[in-house]
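# Structural overview
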Amino acid sequence: MEGGGGAPPETLIEESQSGCVLPTSLEASGSKKSSWGFLVTGIVGGTLVAVYAVATPFITPALRKICLPFVPATTKQIENVVKMLRSGRGPLVDIGSGDGRIVIAAAKEGFTAVGYELNPWLVWYSRYRAWREGVQHLAKFYISDLWKVTFSQYSNVVIFGVPQMMPQLEKKLELELQDDARVIACRFPFPHWTPDQVAGEGIDTVWVYDMSTFRGSGKRP
């Protein structure tokens, strides 16, 4: 019997095939969007972690009660410090050593020099610079808070301080240093000590304090 109003077999096949293609296309599109979403999320998350890792060592010191910012020493400052060191011998420490310029310069003059710095990135960079300059056997760098370090074993102390910290540091060094120790303050002098020597001018000024002179005079001026 021929009647029946059914669709031809070819039409059924076409409809069947068409019905399979549409869901597959939509599924592929959704999969691509999902992949891009994961990729963007990963990039953003990785960037935030990297920024946090890099910025934290620089931000953390600023949150402390007394902040010792990193300001690189000028060439003239380094020259003035080295000039004041030549009359002395013994181990040297740079308090807040930054990128290691003072420690490396002292090591080149034959001093056994140590730098204490709170920022780990600067410490790692200083160690690399010391290795590059060939003085890694004389120049050592440590990640440490200066208030947690004892300086009694050092004959030469260099400090690039800020006015807020100098009175407290003055008391700490007065208690810890030996009589033959020499202290060199850069940029800012100690508030109560009288320097034995002053070299340079402006921001390149360094103040030299010999503990023997200071203690021989009795008390602070």
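A brief look at the structure comes next. Everything numeric here is computed off the predicted structure, so don't read it as measured data.

Take the pairing of strand S2 (residues 113-117) next. Summarising burial for S2: 5 of the 5 residues are buried, a large majority. On S2, burial covers both faces: Ala113, Gly115 and Glu117 on one face and Val114 and Tyr116 on the other are all buried. Handedness of the crossover is the feature at issue here: the chain leaves strand S1 (residues 92-95), passes through helix H3 (residues 101-108), returns alongside S2, and the resulting connection is right-handed. Pairing between S2 and strand S3 (residues 139-143): 5 bridges, direction parallel. By the bridge assignment for S3, Ala113 is matched with Ala139.

Here we take up the environment of Gly96. Topologically, Gly96 is positioned in the loop between S1 and H3. Note: C-alpha distance between Gly96 and Ile159 (63 residues apart in sequence) is 6.9 Å.

What follows is about the packing of aromatic side chains. The full count for this structure, using the stated rule, is 9 aromatic pairs. Between Tyr116 and Phe151 the ring centres are 6.2 Å apart and the planes differ by 75°, which places this aromatic pair in the edge-to-face class. Of this pair, Tyr116 sits in strand S2 while Phe151 sits in the loop between S3 and strand S4 (156-160), and the two are 35 residues apart along the sequence. Since its relative accessible area comes to 12%, Tyr116 is described here as buried. According to the relative accessible area criterion, Phe151 is buried, its value standing at 0%. When the ring of Tyr125 is compared with that of Tyr128, the centres are 6.4 Å apart and the planes differ by 35°; the resulting orientation is tilted. With Tyr125 and Tyr128 both in helix H4 (residues 120-133) and 3 residues apart, this pair spans about one turn of that helix. One aromatic cluster is present, built from ring pairs that chain together Tyr116, Tyr142, Phe151 and Tyr154.

Helix-helix packing is characterised by the crossing angle of the two axes and by the distance between the axes. Viewed as axis vectors pointing N to C, helix H2 (residues 75-85) and H3 meet at an angle of 45°, and their least axial separation amounts to 10 Å. When the interaxial angle is binned, H2 and H3 end up oblique. By crossing handedness, the relation of H2 to H3 is classed as right-handed. On H3, the residues touching Ile78, Val81, Val82 and Leu85 of H2 are Arg101, Ile102, Ala105 and Ala106. Residues that form the contact of H2 with H3 fall into these classes: 7 nonpolar, no polar and 1 charged.

This next bit is on the pattern of salt bridges. Tallied over the full model, the rule gives 6 salt bridges. Here Arg101 makes a salt bridge to Asp99, at a shortest N to O gap of 2.7 Å. Exposure remark for Asp99: the relative accessible area of 7% places this residue in the buried category. Asp210 is the salt-bridge partner of Arg182, the closest N and O atoms lying 2.8 Å from each other. Here Arg182, found in strand S5 (residues 182-186), pairs with Asp210, found in strand S7 (residues 206-210); they are 28 residues apart in sequence, far enough to count as distant.

Turning our eyes to something else, we now look at unusual backbone geometry. Positive phi outside glycine occurs at Arg187, with the angle close to 75°. In this fold, Arg187 is placed in the loop between S5 and strand S6 (197-199).

By secondary structure assignment, the location of Asn80 is in helix H2. For Asn80, a relative accessible area of 2% corresponds to the buried category. A distance of 2.8 Å separates a polar side-chain atom of Asn80 from the backbone oxygen of Asp204. Leaving out residues up to four positions away in the same chain, Asn80 has contacts with Ala199, Gly200, Asp204 and Val206.

Attention now moves to a nonpolar patch on the surface. A cluster of nonpolar residues, Trp121, Trp124 and Ile143, forms a patch on the protein surface that exposes about 320 Å² of accessible area. Mapped onto the secondary structure, Trp121 falls in helix H4. With a relative accessible area of 37%, Trp121 lands in the partly exposed category.

What counts and what doesn't
Residues numbered from 1 in each chain as written. Predicted model: local features only at pLDDT ≥ 70, side-chain atom pairs only at ≥ 80, totals over all residues. Heavy atoms only, no water. Buried < 20%, exposed > 50% of the residue type's maximum accessible area, 1.4 Å probe, protein only. Helix = DSSP H or I, 4+ residues; strand = E, 2+ residues; numbered from the N terminus. Right-handed = clockwise from strand over helix to strand, strands pointing away. Pairing = 2+ DSSP bridges. Phe/Tyr/Trp six-rings, centres within 6.5 Å; stacked < 30°, edge-to-face > 60°. Axes fitted to C-alpha atoms, helices over the stretch in contact; angles between N-to-C directions. Parallel < 35°, antiparallel > 145°, perpendicular 65-115°, else oblique. Left-handed = near helix turned anticlockwise from the far one by under 90°. Contact = heavy atoms within 4.5 Å. Nonpolar A, V, L, I, M, F, W, Y, C, P; charged D, E, K, R; others polar. Salt bridge = Lys/Arg side-chain N within 4 Å of Asp/Glu carboxyl O. Polar contact = N/O pair within 3.5 Å; in protein donor to acceptor, adjacent residues only side chain to side chain. Patch = residues over 30% accessible without salt bridge, like charges linked within 9 Å, V, L, I, M, F, W, Y side chains within 5 Å. Areas by Shrake-Rupley, 256 points an atom, 1.4 Å probe, with all protein chains shown as cover.

Geometric descriptors of this kind do not, in isolation, establish any biological role.
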